[in-house]
Each structure stands twice: as C-alpha cells, then as structure tokens.
Amino acid sequence: MSEATDPRAPEPRVPDPRVPDPRVLRTGVQVDGETASYLTVEREGPAVLLLHGTYWSRVWLPVLGRLAEAGLRPIAVDLPGLGRSGGELTLETATVPALADWVARFASALKLSGPIAVAGHDIGGAVAQHLLVHDQLDVPRLALVNSVTYDSWPAPHVARFRGTEGAAGTTADDVLDARRQAVTAALAGAATEQRIADYLDPWTVSRVRRSWMAMAGAADSRYTLDLVPALQRSTAPKLLIWGEDDPFEKVEHAERFASEIPRTTLLRVPDAGHIPTENAPGQIARALIDFLISPCGLADSLVP
C-alpha cells in the first residue's frame, strides 16, 4: 500500500472540509508539545468532553451539532497519536491511567474549569470512568456509549494484536484489513463504502497505526475491574447508551453495570451496533441532552 501524508492539525477554528456539518470545526491545542486535535462547535455553554477508544473523534461527529443546538459546548478530542492528533502512543502512554492523565492535561490546556461532563465510547469509556473515580476532573455526570466495562475487553479483534507474537510481522495491510472488518461490523446498518473509508482514513498513516497497535497492546481489563468498588460508591448520575446489536461490547455488560452501579440508567438502542451514534444520532443526542441539562444536571450545577 502507499503511505499517506501524515495529516497535521488545521489552524484553530478552521472548518474541516471533510466534516459535513458547517457548524462543526476541527481545531487544536498544544499538549505535551504536540497538537491535540478536536472537533467542536464554538459557543458559550457547559463543556462536554467526548472521548473515543479504538476509533477516533469521528464517532461523535453525528451528535455534535445537536448538542450545540441545546446550549452545550461539545469537545470531541483525538487521543495522542490517533485520529488527527500529533504524537505517538507507546505501551506505557496508551494505558487507561496514562490516557486519563493526558485528558486532564488537555482540559487544562483548554482552560476548562469547574464541572465538566464526560462521555466515553469504547476504551474511551474506561478513561471516562477513571477520570470520575480518581477525581482528575470535576465530573458531575458520566455517560458511557457502548463502553468497555468489567472484563468485557479487549475484544478478540483487538486482543489478537497484543503481545510480541501479535505485533510481530504485522504489516500496514494487516492493520488496515483488521480495522476495515471491525469498522464495518461496528457501523452495522450504517456501513457504507464512503463512511467506512472516512473512518479508516487516519490508519493510512504509519504513526497512527503504531499508536493504535500500542493501544491494543496496552488494553487490559484490570483497569476497569479495579474501578468497580469506587463506582459502586459513586453518587454521580450515570447514563449508559447501548447499541443492542454490538458484537464487541454486548448489551449484557451494560445490564450488569446498570444493576450493580448506583444512579445508573440504561438506554438500549435497537438496530444499532458498536457505534450507535451513526445508527441513531437523533435519539442519542436527545438522550445526552436530557441527561446533561435536566434538573440538577450539568447546566444547573454551573449556575452561580
């Protein structure tokens, strides 16, 4: 395969021509000497930090405009070395605790202070849980969308790349082929050739492929299992949004979480897969909005 040019983050507040919603901008901020790229709608309002896992900020694109219309300030960041962000992950910096530390530094670089709602998808959900439990940010409400929980991960399509045997001899085509299969399954009924190509685009860059391999290598369910006792003591409201047809993070894991972790509500999304924001963007955006700005929610907590 031919190597794509390594993309650099565009200048701050520049519309990304690859983003169909003109309200959504791709911009960046320096974190640890590298550009942290993120999608946002520039407006005043309570910040909502949206985290991805083994994909990238693209998973949140279908709901960003709707969140902004409701008065929220959505911020969908690409983790270091992934998506459009600079840098490169290693086995050490790709662990859930290390990524949570990085997200806290990202929030500081944006000068976000006070309560910040956090939503996480896939391994980004593990990072979000870590931020809540360890008070790295003031997280008044937590939303998880088809997130890893308990010992539900790493999924087989990720676990196959763990360890020296999994990484040895892995080619660029191996990674792209595996990612194509995973993205196609994750999108479920929303999978089109154009959308699949859009999701795969970052992995045409060798640095991003290496970062993804590091994330796969660092994937370890102990990072979520260790959080369970603290989550059971947590009084923060939690919302689970789950595509019922997810072949990776099955809805049974969400049902267990909702039954064992206090103040948790589960919203099941029928006919949706691992990336339900693509299957039911309106329903998911409305659920997030209702959760975040309902009485005693995030918006009310910011009123002096």
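Residues numbered from 1 in each chain as written. Predicted model: local features only at pLDDT ≥ 70, side-chain atom pairs only at ≥ 80, totals over all residues. Heavy atoms only, no water.

Please clarify how unusual backbone geometry should be interpreted in this entry.
Excluding glycine, most residues fall at negative phi; most peptide bonds, likewise, are trans. A cis amide bond, omega 0°, links Trp 153 with the succeeding residue Pro 154. You can see Pro 154 is positioned in the loop between strand E7 (142-147) and helix H4 (156-159). If you check the backbone angles, Asp 122 has positive phi at about 60° while not being a glycine. When you line up the elements, Asp 122 lands in strand E6 (residues 117-122). (Helix = DSSP H or I, 4+ residues; strand = E, 2+ residues; numbered from the N terminus.)

Would you mind going over the pattern of salt bridges with me for this structure?
Scanning all chains against the criterion turns up 14 salt bridges. Measuring nitrogen to oxygen at the nearest pair gives 2.6 Å for the salt bridge that ties Arg 58 to Asp 198. In this pair, Arg 58 sits in the loop between strand E4 (47-51) and helix H1 (61-69) while Asp 198 sits in helix H7 (residues 193-200), placing the two residues 140 residues apart along the sequence. Take Arg 58: its relative accessible area is 10%, and that puts it in the buried class. Judged by relative accessible area, Asp 198 falls into the buried class, the value being 19%. When the shortest N-O distance is used, the salt bridge between Glu 193 and Arg 180 registers 3.5 Å. Placement of Glu 193 in helix H7 and of Arg 180 in helix H6 (residues 172-187) is noted, with a sequence separation of 13 residues between them. A relative accessible area of 32% means that Arg 180 is categorised as partly exposed. (Salt bridge = Lys/Arg side-chain N within 4 Å of Asp/Glu carboxyl O. Buried < 20%, exposed > 50% of the residue type's maximum accessible area, 1.4 Å probe, protein only.)

Please clarify how helix H3 (residues 123-133) should be interpreted in this entry.
An α-helical segment advances 3.6 residues per turn. Residues three or four places apart therefore align on the same side. The buried fraction of H3 is high, at ten of eleven residues. When we look at burial in H3, the residues that qualify are Ile 123, Gly 124, Gly 125, Ala 126, Val 127, Ala 128, Gln 129, His 130, Leu 131 and Leu 132. Phi turns positive, to about 55°, at Asp 135, one or two residues after H3.

I'm lost on the packing of aromatic side chains in this one. Help?
Describing an aromatic ring pair means giving the distance of the ring centres and the angle of the ring planes. Applying the stated rule across the entire model yields four aromatic pairs. Measuring from ring centre to ring centre gives 5.7 Å for Trp 102 and Phe 106, while their planes differ by 10°; the resulting arrangement is stacked. In this pair, Trp 102 and Phe 106 both sit in helix H2 (residues 96-109), four residues apart, roughly one turn of the helix. No difference in accessibility class separates Trp 102 from Phe 106, as the two residues are buried. Between the aromatic rings of Phe 161 and Trp 212, the centroid separation amounts to 5.3 Å while the plane-to-plane angle is 80°, which identifies the pairing as edge-to-face. Residue Phe 161 is found in the loop between H4 and helix H5 (163-167), and its partner Trp 212 is found in helix H8 (residues 206-218); the two are separated by 51 residues along the sequence. (Phe/Tyr/Trp six-rings, centres within 6.5 Å; stacked < 30°, edge-to-face > 60°.)

How do you make sense of helix H11 (residues 251-260) when you look at a structure like this?
The set of residues buried in H11 consists of Val 251, Ala 254 and Phe 257. All buried residues of H11 project into a common sector of 115° when viewed along the axis, lining one side. In this structure, the buried residues of H11 make contact with H3, E7, helix H10 (228-233), strand E8 (238-243) and strand E9 (264-269). (Arc of directions from axis to C-beta. Contact = heavy atoms within 4.5 Å.)

Teacher, can you tell me more about the environment of Arg 195 here?
Assignment of secondary structure puts Arg 195 in helix H7. Exposure remark for Arg 195: the relative accessible area of 26% places this residue in the partly exposed category. Expressed as a C-alpha distance, the spacing of Arg 195 and Glu 278, which sit 83 residues apart in the sequence, is 9.6 Å. Beyond its immediate chain neighbours, meaning those up to four positions away, Arg 195 contacts Arg 58, Leu 187, Ala 190 and Glu 278.

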